[in-house]
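# Structure assessment
Letter by letter, the chains look like this.
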Amino acid sequence: MNHTIIPYENLKTLNKPFEDELKQKFSDFLDKGWYILGEEVSLFEKEFGDFHKEKYVVGVANGLDALILSLKCCNFKTGDEVIVPSNTYIATILAILHCGLTPVFVEPDIATYNINPEEIKKALTKRTVAIMLVHLYGQCCDMDAITSIAKENNLKLIEDCAQAHGATFKGQIAGTFGDFSAFSFYPTKNLGALGDAGAIICKSEDDYNTLRQLRNYGSEKKYHNGIVGYNSRLDEIQAAFLRIKLPHLREINAHKKKLASIYHLGLSNDFIKPVINSDFINVYHIFNIRHQERDRLKDYLLANHIGTEIHYPISPHRQKALKAMNHLNYPISSEIHKTTLSLPCSFAHQTDDIHRVVDVLNKFK
């Protein structure tokens with residue numbers, strides 16, 4: 001038996017190729033003595049915008065704030081409804097609640113795990129003001145259908161792109177479809193910082209200027225506060241680190257896709273694997289499988305020195321924090337949460353690691 005541990009993720013190994021540049025950048029940062037909203041943030045915003053061929057990018061403190069400030073920029077009324085997938089991470093829903101809005105859960109497609117456009121149509125009411133979609137696990141939603149629904153019903157479209165850095169739908173990159181697109185650069189993301197960090201892409205100069213004020217106490221000019229704002233600035237040092245890693249994002253995505261192909265080709269059909277569709281370029285932030293004996297499978301892999309994660313073990317509507325929604329029933333979401341398991345698929349993993357995971361998985365009885 002091979003007793004070498006294959007962790008789900010190893011951030012030290014993941015960042016090892018960038019270590020010398022990161023250390024030099026930190027030294028330069030100390031020498032410069034400018035720590036908040038300096039040149040590094042401005043340059044990262046420009047370079048991240050160039051990557052997406054978008055003009056307006058605002059760096060913020062984290063992905064949750066990116067979602068909150070996007071909603072705040074829309075000036076919705078208290079109680080307005082925002083459609084959101086029922087199987088997303090809690091942050092997407094927290095953003096809606098923090099803005100005094102009402103989340104309306106919509107079931108995903110059981111095959112793709114992304115929000116089902118047909119279910120969006122059924123959830124529309126006179127109070128619906130926006131769709132907040134999530135490109136889950138690294139694959140885009142069906143953007144033809146969703147953008148059509150948004151336009152027909154005059155709804156704002158907000159993309160949660162936390163797991164989809166560089167993913168595309170019919171050649172168009174995630175983050176360029178919506179009125180606002182929110183990104184997290186949490187360390188495990190395909191483009192990960194060395195701490196919390198986030199960004200928003202928006203479409204208009206007015207929204208861009210508003211977002212820049214919202215992130216900085218509502219201030220356009222120091223000590224002059226035009227609107228009620230927040231303290232949600234992208235750290236200068238995190239922007240500097242992200243600038244080092246951004247030119248490697250396509251390489252990171254390609255590596256993860258290479259590892260995913262080993263799973264696709266090698267895993268037996270006892271496991272439900274992510275669907276492949278030529279319209280969707282999946283960047284496999286998470287490579288998940290589904291199995292009816294998920295918990296026993298997770299324990300089996302751990303006994304064989306292979307780490308896994310569950311994204312996510314509890315449906316959002318079952319969370320204690322959302323107790324007012326605990327009575328609701330979303331069977332597709334519940335089925336996904338009950339059976340999904342995330343396998344090692346990181347820039348830190350080598351192909352030999354994944355072949356071993358496949359070999360161990362295929363022996364599961």
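Residues numbered from 1 in each chain as written. Predicted model: local features only at pLDDT ≥ 70, side-chain atom pairs only at ≥ 80, totals over all residues. Heavy atoms only, no water.

Under an unreviewed UniProt entry, the name given to the protein is DegT/DnrJ/EryC1/StrS family aminotransferase, and the source organism is Pedobacter hiemivivus. Listed under Sequence similarities (unreviewed entry) in UniProt, the entry text for the protein is "Belongs to the DegT/DnrJ/EryC1 family." (UniProt positions renumbered as here; feature names shortened; annotations may be inferred.)

Time to look at the nonpolar core. Core analysis: the biggest nonpolar cluster contains 42 residues, and Phe44, Phe48, Ile131, Ile146 and Phe185 have the highest contact counts within it. Residue assignment for this core shows that the elements contributing at least two residues are α3 (39-52), β3 (102-106), α6 (117-123), β4 (128-134), α7 (143-152), β9 (198-202) and α9 (236-245). No fewer than three residues from each of domain 1 (13-245) and domain 2 (248-362) sit in this core. Sequence-distant contacts of Phe48, defined by excluding residues within four places in its chain, comprise Val57, Phe183, Phe185, Leu191, Ile201 and Leu246. Judged by nonpolar contacts, the second largest core, of 34 residues, contains Ala95, Met132, Ile200 and Leu211. (Core = buried A, V, L, I, M, F, W, Y, C linked by side-chain atoms within 4.5 Å. Buried < 20%, exposed > 50% of the residue type's maximum accessible area, 1.4 Å probe, protein only. Helix = DSSP H or I, 4+ residues; strand = E, 2+ residues; numbered from the N terminus. Domains from an automatic or database assignment. Contact = heavy atoms within 4.5 Å.)

This next bit is on empty space enclosed by the protein. Counted by the stated rule, this structure contains 2 cavities of 30 Å³ or more. Roughly 80 Å³ of volume is contained in the largest cavity. Forming the walls of the largest cavity are Ala111, Thr112, Tyr113, Leu136, Tyr137, Gln139, Pro274, Val275, Asn282, Ile286 and Asn288. The residues that make up the lining of the largest cavity include at least three from each of domain 1 (13-245) and domain 2 (248-362). Volume-wise, the second largest cavity comes out at about 60 Å³. (1 Å grid on protein atoms, 1.4 Å probe; cavity = no way out; pocket = protein on both sides within 12 Å on 5 of 7 lines; lining within 4 Å. Points joined across faces, edges and corners; volume = space filled by probe spheres on them.)

Bringing the pairing of strand β13 (residues 287-290) into the picture now. Side chains Phe287 and Ile289 project from β13 onto one buried face, and the interleaved Asn288 and Arg290 project onto a second face that is buried too. As paired elements, β13 and strand β14 (residues 340-343) share 4 bridges and run antiparallel to each other. Counted as the bridge partner of Phe287 is Leu343 from β14. (Pairing = 2+ DSSP bridges.)

Per the domain assignment, the segments of the protein are domain 1 (13-245) and domain 2 (248-362). Computed over C-alpha atoms only, the centres of domain 1 and domain 2 are separated by 23 Å. Facing the 40 residues of domain 1 at the interface are 36 residues of domain 2. With both chains or domains summed, domain 1 and domain 2 bury close to 3,600 Å², and 63% of this area falls on carbon and sulfur atoms. For the domain 1 face of the interface with domain 2, the top three residues by lost area are Tyr113, Tyr137 and Asn190, together amounting to 21%. (Buried area = accessible area lost by both parts, 1.4 Å probe.)

So, about the UniProt feature "active site" (unreviewed entry) in the protein. The UniProt entry lists Lys189 under the feature "active site" (unreviewed entry), expressed in the numbering used here. Tracing the backbone through its elements, the reader meets Lys189 in the loop between β8 (180-184) and β9. Taking relative accessible area as the criterion, Lys189 reaches 13% and is therefore assigned buried. Setting aside its immediate chain neighbours within four residues, Lys189 contacts Ala162, Gln163, His165, Ser184 and His285.

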